[in-house]
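Working through the structure, step by step
Residues per chain are reported as follows:
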Amino acid sequence: MIDFGIGEDETLLRDAVERFARDALAPQARVAEANRAPDLATIALYESLGLMGLEFADGGLGMQARCLVNQILGGADPGAALALDRLGHAGYALWALDGSEGVAAVTDNPHRRAWLATPEDGAVNITERHASGVLHFAPAGVTDLVVVSAGGVALIRDGIESTPVRGGGLKAMNPVRIGLDAAPVARFRRLPVAPLLARARLYLASLLLGVLDTAGSYARDYAQQRVAFGKPIAHHQALAFLLTDMHTAVTGARLLIQDAAWRADAGLDAAEAAATAFTETVEQSSFIGPNAVQVLGGLGFMQDYPVEKYMRESRLLGLLLGGADQAREEAAQSRDMTLMAGGVL
Amino acid sequence: MRFDLDETTAAHVEVLRQFGRDVIRPLGIERDRAGSPTPPDHPFFREVLKRGLTRAPDRADGGAGGPGPAVLRVITGNELAYWDRGVSSSLPGPGLGGGPVMSMGTPEQRARLMTRFRDMTEPKWAAFAMTEPGAGSDVARIQSRAVRDGDEWVLNGAKLYSANADRADWIVVFATVDPSLGRAGHRAFIVERGMPGLSEPKPEKKMGIKAYASASFTMNDLRVPADNLLGGEAHYEARSRGAGFKGAMQTFNATRPAIAANAVGMARACLDEAAAFARDAGAAGHRCHDRLERMRRKARAAWLMCLKAAWLADQGAPNMVEASMSKATAAEVAMEAASLGMELLGAVGAQGEHLIEKLYRDVKAMDIVEGTGQIQRIVMARHLVGYPRDA
C-alpha cells in the first residue's frame, strides 16, 4: 500500500504542536538565543504537552510522529527544541539499554537531561568501564550521556565536565564542550547500534528539515513582496527557479525522512534509509540555508531577519552524529549497490 | 503513511521484471542497433498482449488494498523503463491520446475510440499530437489551423514527435481556430488513419529511445467530421476560455509522474550497470561508492516524488506542483546517473557497445518530452510564487 496520508492521531498531534510552535516557540526564538535558554513558561508548556518520548509510549505513535513533531519544532527554533526535549535523540539508546525504565529515568525527572554522541563528535575513548576524551558540542546540564560506537552503547552519568562554548548557533540549548577524564561507565552493552542510530539520525534530520522548510518558505514569501526592476523579485526567472529548486530540495528530503520513518515503524531495517535521509537533508542545508539569505540580499545578512539564524543553525544540526560524511559512508556500504534491479527502490 | 506494495502489485512487478530481462531489454538493444522502431507486426506485440502486460493486474480482492491507477502506472512505468524505455513506449494502447479522450470526450467518443483497447487480441495504437515545428514548450502558440466548413472541419498544419503516430488508428490533434486567440482558440480533433489529407506519419531519426516511433506528419486540407471534434461544440461553448488547452494540460498532469517514473527506472538501470562495471573492474573504491550513493539517494527521492504526485492524482487532489517537480527532478537524476556511468566506464563508454552508452543517449529525452525541466519550473513557480504567465 502506498499512502501519503496521516491519521487522525497524527493530525491532532500536528495541530497541537503547530499551535505551540507558532504561539510560544517562534516568537521567543531570538530571546531564547540571547538568554541561551527557553523561558520558564515555554518549558512548562512544553512539558505539559507530553511530547517527550512520545514514540516510546504504550501504543506509541512511532518515528513518523516524532519526525512530524520535530519538523514543526525545528521550524520554530531548533535550539530551543533541543533544549526542551531532555530525552532527545538519546532516547533510542536508553531504550536499547534499559527499555522503558531507561527512558522514564529521564522523562520523569526534570533534573535529568540525556544526550547522544558518537566518538566522531569529538575524540572519545571508551572501554566497558571508563570513558575519556572530549565531545565538542552538547547542551548544558547533561546528566545521562550516551556514547554509541561500533563496539556498543555506553551510558555515562558521572564525571561529565561541561565548559560553555560560544556556539555558532543553537544557542538556546546553551552549548557546551564536554570533557571526560576516566569517567565511569554506568552501563555498557554490546548490541547492534544501527537501529538506534537510524532513529537518532531521523530525529535530527527532521529538526533540520523544519529549519529548511521555514527558511525556504520565508524566502519565498519575502521574494513575492520585495520589488526590484519593477516587479517582485520572485517574478524574475533566476529567482523563481531558485525558489522552486529550494522547494524541491525540501520536498525530497521530507519524503526520504518519511520513507525511513515508516520503515522504522514497520520493523524493517531502516539504517540505510535513515542514513540516506540524513545525508540528503544535510546536503540540502548547504543549498537552502545560504540561498535563503541570498534571496533577502543584505537584509538576509542582518540579525533583524531570521534567515541568517536558519543558515547557521541548519549547518550545525548537520554536524552531529558524525555528520553527513559518516552517514554517507554507512549508506554507501550498507548493501550491494546492484540490489535495486527489478523492483521499486 | 506507508510505502510498501501489496502481494498482487509485487507479483505484477515481478512479471514485468522477468519479461523485461528476457524480452524487453534485448529488443531495446536490437532496435537501438537497427536504428528504427519495432515494426508493428513484430511478434513482440502479440506476446505482450498474450501476457496481458498492458492491463492492470487482476486482483483477487477486487482492488481493495492495492494502489490506485496512477500509482500503479508509475510503478509499472518505473519497472518497464528500467529494462528499456523505448520499448515500453511502443506498447500497444491509446498512449497519450487516451487522456484527452477520457477527460474531454463525449460518452459516444469515449466508447467509439477507447473500446477497441479493452482486451486487445491484435495490437492497436493511438497517439497524441501537439508539438509543431514552431511550437514546442510554448504549446499555446501552435499554428495548425482548424476551419469549420459545414459538417466538417478542415485542418492544415504540421505536427512533430507524435509517439506511435506511424501505427495509430487515431490521433488526438490540437489545432487553433484563430492563432490570435491563444489558448482560447485551441480545439482537439480525432484524426483517423487514412483520412484524405493526412500524410503518412514518418518516424524521425533520433539519438536514443529508438524502439518506438516519434513520428511527424502534415495535414493538407484534411477534412474531419464535426463528430470528431473532441467533446463536441458544447464542450467549448461551456468553457469559453482555454478548454482545449486545459484538456491537454490535464493530460500532462496525469502523465508527468509516469514519465518521471520512466526516468527513475532508467536512473536505476544506469546505477546498476555502473555499479556492476565498477565492481567487475575493481574500481569500487571510496570515491566511487560515494558517488553511487549520491545517485541512489537522488533516485530514491525522485521516486518518492513520483509516488506522491501519483497518489495525489488517485485521491483526486491537485498535483500540479508535485507532478512537475517529479518530472523535473527525475529527468535530471537520470541524466546525472547516466553521466556518472559513462565516467566510470571511461574509454569503454566511447566504444558504443555498453548499455550505459545507450542509456546516456536515451535519458536526455526525459528532460525534454512532455515539458522540459525549465517548463516544469515555470509551472511550479506559477503556483509557488505567482510567477506571471507573461514574464
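Owing to the predicted nature of the structure, the values given are computational and were not obtained by experimental measurement. (Residues numbered from 1 in each chain as written. Chains lettered and ligands numbered in written order. Predicted model: local features only at pLDDT ≥ 70, side-chain atom pairs only at ≥ 80, totals over all residues.)

1. Here's the deal with the overall build of chain B
The line we're drawing: Runs of E in the DSSP output that reach at least two residues are strands. Runs of H or I that reach at least four are helices, and both are numbered from the N terminus. To sort residues by burial, count the other C-beta atoms lying within 10 Å of each one's C-beta; a count of 20 or more means buried, 12 or fewer means exposed, and anything in between means partly exposed. C-beta atoms are built from the backbone. We call two residues in contact when the distance between their C-beta atoms, placed using the backbone, is within 7 Å.
Within chain B one finds twelve helices and eight strands. The C-alpha extent of chain B, read off along each of the three principal axes, is 70 × 50 × 50 Å. Looking at chain B residue by residue over its 391 residues, the buried ones come to 53%. Sequence separation of at least 24 residues holds for 77% of the intrachain contacts in chain B that already meet a minimum separation of 6.

2. Digging into the overall build of chain A
Applied cut-off: Throughout, the radius of gyration refers to the C-alpha atoms, and the reference size of a globule is 2.2 Å times the residue count to the power 0.38.
Scanning chain A for helices and strands turns up twelve helices and ten strands. A compact globule built from 345 residues should have a C-alpha radius of gyration of about 20 Å, and chain A, at 20 Å, falls within 12% of that. Contacts spanning at least 24 positions in sequence make up 73% of the contacts within chain A whose residues lie at least 6 apart.

3. Looking at the packing of helix 1 (residues 7-34) of chain B against helix 3 (residues 69-89) of chain B
Residue and element names in this part refer to chain B. Basically, it comes down to this: Axes here mean lines fitted to C-alpha atoms, for a helix over just the part in contact, with angles spanning 0 to 180 degrees between N-to-C directions. For classification, angles of less than 35 degrees are called roughly parallel, those exceeding 145 degrees roughly antiparallel, those between 65 and 115 degrees roughly perpendicular, and all remaining angles oblique. Helix crossings get a hand from a simple test, with the near helix turned counterclockwise from the far one by less than a right angle marking a left-handed crossing and a clockwise turn marking a right-handed one. For this classification, Asp, Glu, Lys and Arg are treated as charged, while Ala, Val, Leu, Ile, Met, Phe, Trp, Tyr, Cys and Pro are nonpolar and the rest, including Gly, are polar.
Running from N to C, helix 1 and helix 3 cross one another at 20 degrees; their axes reach a closest spacing of 8 Å. Here helix 1 lies roughly parallel to helix 3, going by the angle between them. Taken as a pair, helix 1 and helix 3 cross one another with a handedness that is right-handed. Residues Thr9, Val13, Leu16, Arg17, Gly20, Arg21, Ile24, Arg25, Leu27, Gly28 and Arg31 of helix 1 pack against Leu72, Ile75, Thr76, Glu79, Leu80, Tyr82, Trp83, Asp84, Gly86, Val87 and Ser88 of helix 3. In terms of residue class, the contact of helix 1 with helix 3 is made up of ten nonpolar, six polar and six charged.

4. A look at the confidence of the model for chain B
Convention followed: Per-residue confidence from the predictor is reported as pLDDT, which spans 0 to 100.
Across chain B, pLDDT averages 90, with 94% of residues at or above 70. Under the prediction, the complex receives an ipTM of 0.93, its pTM being 0.93.

5. Digging into helix 9 (residues 271-296) of chain A
Residue and element names in this part refer to chain A. Condition: Here the expected length of a helix is defined as 1.5 Å per residue gap, with one fewer gap than residues. What we call the bend at a residue is the angle made by axes fitted to the seven residues finishing there and the seven residues starting there.
With 26 residues, helix 9 extends 37 Å between its outermost C-alpha atoms, agreeing within 8% with the 38 Å of an ideal straight helix rising 1.5 Å per residue. Residue Ser285 marks the point of greatest curvature in helix 9, where the axis turns by about 30 degrees. Counting buried residues along helix 9, 21 of its 26 residues qualify, which places the element largely inside the surrounding structure. Remark: Gly297 follows helix 9 within two positions and exhibits a positive phi of approximately 65 degrees.

6. Considering the interface of chain A and chain B
Put simply, the rule reads: The pairing criterion is simple: DSSP has to find at least two bridges between the two strands.
The partner chain B presents 43 residues to the 40 residues of chain A that form the contact. Those elements that provide at least two residues to the side of chain A that touches chain B are strand 1 (2-3), helix 7 (194-225), helix 8 (237-265), helix 9 and helix 12 (323-333) of chain A. Residue composition of the side of chain A that touches chain B, by class: 19 nonpolar, 16 polar and five charged. Both strand 1 of chain A and strand 1 (residues 2-3) of chain B contribute to a ladder of two bridges, which runs antiparallel. In the sheet register, Ile2(A) faces strand 1 of chain B, and the bridge partner there is Phe3(B).

7. Describing the pairing of strand 6 (residues 186-192) of chain B
Residues and elements named next belong to chain B. Most of strand 6 sits inside the fold, with six of its seven residues counted as buried. Examined bridge by bridge, strand 5 (residues 168-176) and strand 6 share seven bridges and lie antiparallel to one another. Across the sheet, the residue bridging to Ala175 is Arg187, located in strand 6.

8. Observations concerning the packing of helix 7 of chain A against helix 9 of chain A
Residue and element names in this part refer to chain A. For the pair helix 7 and helix 9, the least separation of the axes is 8 Å and the interaxial angle reads 25 degrees. If you check the angle between helix 7 and helix 9, you find them roughly parallel. Taken as a pair, helix 7 and helix 9 cross one another with a handedness that is left-handed.

9. Concerning the environment of Ala200(A)
Residue and element names in this part refer to chain A. Inspection of the secondary structure puts Ala200 in helix 7. Owing to 26 C-beta atoms within 10 Å, Ala200 belongs among the buried residues under this scheme. A sequence separation of 74 residues divides Ala200 from Ala274, and the C-alpha atoms of the two residues are 8.9 Å apart. In contact with Ala200, not counting residues within four places along its chain, are His89, Tyr92, Leu116 and Leu321.

10. Remarks on the confidence of the model for chain A
Residue and element names in this part refer to chain A. On average, residues of chain A carry a pLDDT of 93, and 96% of them reach 70 or more. Mean pLDDT values for the elements of chain A range from 84 in helix 12 up to 98 in helix 5 (residues 78-84). The low-confidence segment residues 336-345 (pLDDT under 50) makes 20 contacts with residues lying over four places distant or belonging to another chain.

11. Some words on unusual backbone geometry
Residue and element names in this part refer to chain B. Even without being a glycine, Asp119 presents a positive backbone phi close to 50 degrees. Position of Asp119 among the secondary structure elements: in the loop between helix 5 (107-114) and strand 2 (125-129). When the 9 C-beta atoms within 10 Å are taken as the criterion, Asp119 is described as exposed. Its identity is not glycine, yet Asn164 carries a phi of approximately 65 degrees, on the positive side.

12. Details of the nonpolar core
Defined as follows: In these notes, a nonpolar core means any group of buried Ala, Val, Leu, Ile, Met, Phe, Trp, Tyr and Cys residues linked to one another through C-beta atoms within 7 Å.
Counting residues in hydrophobic clusters, the biggest one holds 243 residues, and the most contacted among them are Leu202(A), Phe189(B), Ala263(B), Cys306(B) and Ala334(B). Ranked by residues supplied to this core, first place goes to helix 7 of chain A with 17 residues. Residues contacting Phe189(B), with those up to four places away along its chain left out, are Ala146(B), Trp153(B), Leu155(B), Val173(B), Ala175(B), Val224(B), Asn228(B), Leu229(B) and Leu230(B).

13. Things to note about the environment of Gly232(B)
Along the chain, Gly232(B) falls in helix 6 (residues 232-238). When the C-alpha positions of Gly232(B) and Gly105(B) are compared, they lie 7.6 Å apart, and in sequence the two are 127 residues distant.

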